[in-house]
Amino acid sequence: VQLQASGGGLVQAGGSLRLSCAASGSIFSINAMGWYRQAPGKQRELVAAITSGGSTNYADSVKGRFTISRDNAKNTVYLQMNSLKPEDTAVYYCNAEGQHGYWGQGTLVTVSS
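Criteria and thresholds
Residues numbered from 1 in each chain as written. Predicted model: local features only at pLDDT ≥ 70, side-chain atom pairs only at ≥ 80, totals over all residues. Heavy atoms only, no water. Pairing = 2+ DSSP bridges. Helix = DSSP H or I, 4+ residues; strand = E, 2+ residues; numbered from the N terminus. Axes fitted to C-alpha atoms, helices over the stretch in contact; angles between N-to-C directions. Disulfide = S-S within 2.5 Å. Buried < 20%, exposed > 50% of the residue type's maximum accessible area, 1.4 Å probe, protein only. Salt bridge = Lys/Arg side-chain N within 4 Å of Asp/Glu carboxyl O.

Right, let's get into the sheet that holds strand S7 (residues 66-71). Taken together, the four strands give an open sheet; going across it, the order is S1-S3-S8-S7, and neighbouring strands pair in antiparallel fashion. Two strands close off the open sheet at either side, each with one partner strand: strand S1 (2-6) and S7. Averaged over all pairs of adjacent strands, the angle between their axes in this sheet comes to 15°, without regard to strand direction. Sheet topology places S7 next to strand S8 (residues 76-81); six bridges connect them, and they run antiparallel. In the strand pairing of S8, Thr67 is matched with Gln80.

Written out as structure tokens, the structure reads:
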């Protein structure tokens with residue numbers, strides 16, 4: 001499974017960004033996909049995840065602001081991020097779970113105050 005993430009960038013506080021993660025390869029083996037983030041000096045943390053059945057899970061810090069969704073026809077998962085805060089600044093990583101765990105390259109999100 002290969003994951004290609006895109007959509008990061010610089011945005012002012014209160015703004016929005018949408019991240020995309022396109023999966024290719026043995027996608028039939030994927031049970032769930034999600035987004036993690038890692039801020040400087042901090043551990044990588046789960047931001048949001050969505051299962052093959054459509055169940056979603058969010059970190060408390062992003063509930064009500066971020067929405068994870070997927071387009072099965074495009075094998076793509078999205079993370080819509082609204083009301084961004086400076087503390088959302090991090091490198092965001094796409095993840096897929098199947099027979100193994102797979103990671104995409106990180107995409108940097110910077111939120112200025």
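The rest of the description comes next.
The subject of this paragraph is the state of the cysteines. Tallied over the entire structure, the rule returns one disulfide. Between the sulfur atoms of Cys21 and its disulfide mate Cys94 the distance is 1.9 Å. Across the S-S bond of Cys21 and Cys94 the torsion is about -80°, and the bridge reads as left-handed. Of this pair, Cys21 sits in strand S3 (residues 17-24) while Cys94 sits in strand S9 (residues 90-97); the two residues are 73 residues apart in sequence, bridging distant segments of the chain. Cys94 matches Cys21 in its accessibility class, with the two residues each being buried.

Every second residue of S1 is oriented toward a common face, the buried set being Leu3 and Ala5 and the non-buried set Gln2, Gln4 and Ser6. Of the strand pairs in this sheet, S1 and S3 are connected by five bridges, and their pairing is antiparallel. Bridging from a neighbouring strand, Ser6 pairs with Ser20 of S3.

What follows covers the pattern of salt bridges. Throughout the structure, instances matching the rule amount to four salt bridges. As a salt-bridge pair, Asp88 and Arg37 come within 2.9 Å of each other at their nearest N and O atoms. Of the two residues, Asp88 is situated in the loop between S8 and S9 and Arg37 in strand S4 (residues 32-38); the sequence distance between them amounts to 51 residues. Accessibility classification places Asp88 together with Arg37 in one group, the buried group. Across the salt bridge formed by Arg65 and Asp88, the nearest N and O atoms sit 2.7 Å from each other. With a gap of 23 residues between them, Arg65 in the loop between strand S6 (56-58) and S7 and Asp88 in the loop between S8 and S9 connect regions that are remote in the sequence. There is no split in this pair, since Arg65 and Asp88 are both buried. One network of salt bridges, with partners in common, ties together Arg37, Glu45, Arg65 and Asp88.

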